[in-house]
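One-letter residues, chain by chain:
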Amino acid sequence: MKIVFATNNAHKLSEVRAVLGEGFELVTLKEVGITEDIPETGSTLDENASIKSHYVYERTGLDCFADDTGLEVEALNGAPGVRSARYATDGHDFAANNRKLLHELEGVENRKARFRTVISLIRGGVEQRVEGIVNGTIATEESGCEGFGYDPLFIPEGKSVTFAEMSAEEKNAISHRGRAVEALVRIIKA
Ligand code: IMP
């Protein structure tokens, strides 16, 4: 099955490709000629995922899906949430975001957080949404250099290392995006 994944993020692409497995040909935005940034103007993860999938569907008419992910920190009332990419600056400055998060949590005992991914799938013009969640805690310093984004600070529940200290397979098996993609596969195959 050929399907457009609304991303140009190489990390995400390889994570999703690994979870989807054989039988799916993933096409990127660049490959369908969408080179501009798709505006993420929604105020929730669901809205943004939906905006992105509709944008791709309207321009290409192809089956497609888009994801939106947020890190939700309990002591920060769910922040950075939908603003996770632009938490510290207007760009996707992962290092600055991590510094800001550590600063906001200085001296805070409750380090509970979760990653949540929403995927909006448009197939035959019909939209369906699924989500994936992983609970965990925010470390007091960065560790590891795998992955991207907040990975060096996020310790998933039941583990003693951050996502950035895990192999791609270990992360995919328990991550928010891995779980959302598994749910996506279930509805595609249903
Ligand atoms: P996006 O909506 O998937 O682009 O994610 C928004 C932001 O959340 C990214 O810019 C990253 O900072 C962060 N993020 C998303 N997925 C992950 C992940 O798997 N690990 C760490 N950070 C992530």
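Conventions and cut-offs
- Residues numbered from 1 in each chain as written.
- Predicted model: local features only at pLDDT ≥ 70, side-chain atom pairs only at ≥ 80, totals over all residues.
- Heavy atoms only, no water.
- Near = heavy atom within 4 Å.
- Polar contact = N/O pair within 3.5 Å; in protein donor to acceptor, adjacent residues only side chain to side chain.
- Areas by Shrake-Rupley, 256 points an atom, 1.4 Å probe, with all protein chains shown as cover.
- Helix = DSSP H or I, 4+ residues; strand = E, 2+ residues; numbered from the N terminus.
- Buried < 20%, exposed > 50% of the residue type's maximum accessible area, 1.4 Å probe, protein only.
- Contact = heavy atoms within 4.5 Å.
- Pairing = 2+ DSSP bridges.
- Salt bridge = Lys/Arg side-chain N within 4 Å of Asp/Glu carboxyl O.

J.: What is the right way to look at the site of the ligand in this model?
T.: By nearness alone, 16 residues border the ligand, and Lys12, Asp68, Asp151, Lys171 and Arg177 come closest of all. Residue Lys12 places a side-chain N or O atom 2.7 Å away from an oxygen atom belonging to the ligand. One nitrogen or oxygen atom from the main chain of Tyr150 is found 3.1 Å from a nitrogen atom belonging to the ligand. In isolation the ligand offers 470 Å² of accessible surface; the protein chains occlude 96% of this area. Counting only elements with at least two residues in the shell around the ligand, the list comes to strand 3 (64-73) and helix 5 (176-189). The greatest single-element share of the shell around the ligand, amounting to three residues, is contributed by strand 3.

J.: Would you take a moment to explain the side chain of Glu72 for this structure?
T.: Within the element layout of this structure, Glu72 appears in strand 3. Take Glu72: its relative accessible area is 16%, and that puts it in the buried class. Of note is the side chain of Glu72, whose polar atom sits 2.7 Å from the side chain of Arg114. Here Arg116 takes part through its side chain, which lies 3.3 Å from a polar atom of the side chain of Glu72. Those residues within four positions of Glu72 in sequence are excluded, and the remaining contacts are Leu45, Gly78, Ala79, Gly81, Lys112, Ala113, Arg114 and Arg116.

J.: How do you make sense of the pairing of strand 3 when you look at a structure like this?
T.: The side chains of a regular strand alternate, first on one face of the sheet and then on the other. Most of strand 3 is tucked away, with nine of its 10 residues classed as buried. Alignment of strand 1 (residues 2-5) against strand 3, held across two bridges, turns out to be parallel. What sits directly across from Val4, in strand 3, is Cys64. Pairing geometry for strand 3 and strand 5 (residues 112-123), over 10 bridges, is antiparallel. By the bridge assignment for strand 5, Gly70 is matched with Arg116.

J.: Hey, could you run me through the pattern of salt bridges in this one?
T.: Side chains that carry opposite charge are capable of pairing whenever their charged atoms lie near each other. Overall, the coordinates contain 13 salt bridges when judged by the stated rule. A salt bridge links Asp46 to Arg129; the shortest N-O distance between them is 3.0 Å. Note that Asp46 is positioned in helix 2 (residues 45-60) and Arg129 in strand 6 (residues 126-138), a separation of 83 residues in sequence. Looking at Asp46, the relative accessible area reads 26%, which means it is partly exposed. Arg129 gets classed as partly exposed once you look at its relative accessible area, which sits at 43%. Here Lys171 ties to Asp151 by a salt bridge, and the two come within 2.8 Å at their closest N and O atoms. A residue pair is termed long-range when its members are at least 10 positions apart, and Lys171 in helix 4 (residues 168-174) and Asp151 in the loop between strand 6 and strand 7 (154-156) qualify at 20 residues. Using a relative accessible area of 2% as the deciding quantity, one classes Asp151 as buried. Several salt bridges share partner residues, and in doing so they unite Asp46, Glu72, Arg114, Arg116, Glu127, Arg129 and Glu131 into one network.

J.: Help me understand the environment of Val19 in this model?
T.: Relative to the assigned elements, Val19 resides in helix 1 (residues 10-20). According to the relative accessible area criterion, Val19 is partly exposed, its value standing at 21%. For the pair Val19 and Glu169, spaced 150 residues apart in the sequence, the C-alpha separation amounts to 9.0 Å. Setting aside chain neighbours within four positions, we find Val19 in contact with Asn172, Gly178, Val181 and Glu182.

J.: Honestly, the side chain of Thr162 in this entry has me stumped. Any pointers?
T.: Relative to the helices and strands, Thr162 resides in the loop between strand 7 and helix 4. At 2.7 Å, the side chain of Thr162 forms a polar contact with the backbone oxygen of Ser143. Among all residues touching Thr162, those that are not within four sequence positions of it are Ser143, Asp151, Pro152, Leu153, Phe154, Ile155 and Pro156.

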